Amino acid sequence: MIKRSLPTSIVGSLPKPAWLAPPEKLWSPWKLEGEQLLEGKQDALRISLQEQQLAGVDIISDGEQTRQHFVTTFIEHLSGVDFENRKVVRIRNRYDASVPVVVGEVARQKAVFVEDARFLRKQTTQPIKWALPGPMTMVDTLYDAHYKSREKLAWEFAKVLNEEARELQDAGVDIIQFDEPAFNVFFDEVNDWGMAALEKAIEGLQCETAVHICYGYGIQANNDWKKTLGAEWRQYEEIFPKIRNSNIDIISLECHNSNVPLDLIELVRGKKVMVGAIDVASNEIETPEEVADTLRKTLAFVDIENLYPSTNCGMAPLSRTVARGKLSALSAGAEIIRKELAV
Ligand SMILES: [Zn+2]
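Quick caveat: nothing in here was measured; it's all calculated off a predicted structure.

Rules behind the numbers
- Residues numbered from 1 in each chain as written.
- Predicted model: local features only at pLDDT ≥ 70, side-chain atom pairs only at ≥ 80, totals over all residues.
- Buried ≥ 20, exposed ≤ 12 C-beta atoms within 10 Å, placed from the backbone.
- Helix = DSSP H or I, 4+ residues; strand = E, 2+ residues; numbered from the N terminus.
- Arc of directions from axis to C-beta.
- Contact = placed C-beta atoms within 7 Å.
- Bend = angle between axes of the 7 residues up to and from the residue.
- Axes fitted to C-alpha atoms, helices over the stretch in contact; angles between N-to-C directions.
- Parallel < 35°, antiparallel > 145°, perpendicular 65-115°, else oblique.
- Left-handed = near helix turned anticlockwise from the far one by under 90°.
- Nonpolar A, V, L, I, M, F, W, Y, C, P; charged D, E, K, R; others polar.
- Core = buried A, V, L, I, M, F, W, Y, C linked by C-beta atoms within 7 Å.
- Pairing = 2+ DSSP bridges.

Draft legend 1. Region of interest: helix 3 (residues 114-123). Looking at helix 3, one finds that the buried residues are Asp 116, Ala 117 and Leu 120. With its buried residues spanning 100° around the axis, helix 3 presents them on a single face. Among the structural elements, helix 1 (34-55), strand 4 (128-133) and helix 5 (150-170) are those in contact with the buried residues of helix 3.

Draft legend 2. Spotlight on helix 6 (residues 187-201). The largest bend in helix 6 is about 50°, located at Trp 193. By the burial criterion, the buried members of helix 6 are Val 190, Trp 193, Gly 194, Met 195, Ala 197, Leu 198 and Ala 201. Buried positions along helix 6 lie against helix 4 (135-139), helix 5, strand 6 (175-179), strand 7 (208-213) and helix 8 (235-244).

Draft legend 3. Focus on the packing of helix 1 against helix 3. For the pair helix 1 and helix 3, the least separation of the axes is 11 Å and the interaxial angle reads 45°. When the axis of helix 1 is compared with that of helix 3, the two are oblique. Pair helix 1 / helix 3 crosses with right-handed handedness. For the pair formed by helix 1 and helix 3, the contact residues are Gln 42, Leu 45, Arg 46 and Leu 49 on the first element and Asp 116, Phe 119, Leu 120 and Gln 123 on the second. Looking at side-chain class alone, the contact of helix 1 with helix 3 contains 4 nonpolar, 2 polar and 2 charged residues.

Draft legend 4. Expanded view of the nonpolar core. One finds Trp 130, Phe 157, Val 173, Ile 251, Val 273 and Val 275 to be the most contacted residues of the largest nonpolar core, which totals 96 residues. At 8 residues, the largest contribution of residues to this core is made by helix 5. Leaving out residues up to four positions away in the same chain, Val 173 has contacts with Ala 117, Ile 128, Trp 130, Leu 168 and Cys 207.

Draft legend 5. Summary view of unusual backbone geometry. Here Leu 6, not a glycine, exhibits a phi torsion of approximately 50°, which is positive. Its place among the elements puts Leu 6 in the segment before helix 1. The class of Leu 6 is buried, set by 23 C-beta atoms lying within 10 Å. Positioned with a positive phi, Glu 64 is a non-glycine residue whose angle comes to about 55°. On the secondary structure map, Glu 64 appears in the loop between strand 1 (60-61) and helix 2 (72-76). On the basis of neighbour counts, which here come to 27 C-beta atoms within 10 Å, the residue Glu 64 falls in the buried class.

Draft legend 6. Examining the sheet that holds strand 1 more closely. Strand order in the open sheet formed by 7 strands is 1-4-6-7-8-9-10, with parallel pairing between adjacent strands. Looking at which strands have only one partner, the edges of the open sheet turn out to be strand 1 and strand 10 (307-310). In terms of strand pairing, strand 7 meets strand 8 (residues 250-254) through 4 bridges, oriented parallel. Following the sheet pairing, Val 211 is matched in strand 8 by Ile 251.

See the structure below:
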């Protein structure tokens, strides 16, 4: 499926065109409606595909052009959730947000992204990767007035995610990625039930599966939080043993410009690792050498056939010019290592 060594990919989002939704902000509102919105989203998907191809990215993502937010858009499609009467909760112990409320049994009445995935599949023969929110991160982005148990709610979300994932697989998606930034915060819960819920979400899938665990988008609340984490970010250490023993194929990590001690990656030896070699919290475009340097350092802990160069997180909050520059730097950095090792 993946032809060359060090296959590159982005974690998920790219900035949207300004005619679709104002870029450089989260939860950016759509500028179109009805049929025009549908067409606009498909056009944006085409552009995002072309930008990845021009930059030489190997595994194509949708750039999250058809969703407003990586968690809430999925939840909006479920029944049992009230979006009108919101409540304010603290997200990942970090910042307050007005979120929807779970008021009854959650269920997926219809497919969420399957049509979009079919559309993207038709546009390219390259492998495609599709991101879904992970069950724990979904739980953490809601107020639960029904189950009154984070574990139970996560289990219900895992079931609906599994339904969606199976249909995405059937639509031709090669890798399904679950975004679990909450894994970096609630370690005990990850080990108690978070990982089990994620395994439920990937149950029965034949395609490859990935989990993305980062330190968040480059927004102020996350940047402030990172400052409190000290000189060494050892969060991954708490959860890697559990992930190593799971059925997840690929782990997506934040590495570049972060204080994560890279030797922690040794704890998941044997898994494929999407190494974040692009900082999404900075407008400075990495040089290919800087990207190569991060990849080179991680090679001590990841077998070369398992190294997947990537970004630290999504690029939605960046300008389109900066995001394009970073895509090219990612490819050029991977190419330096391919040449160096003749792989
Ligand atoms: Zn992320």
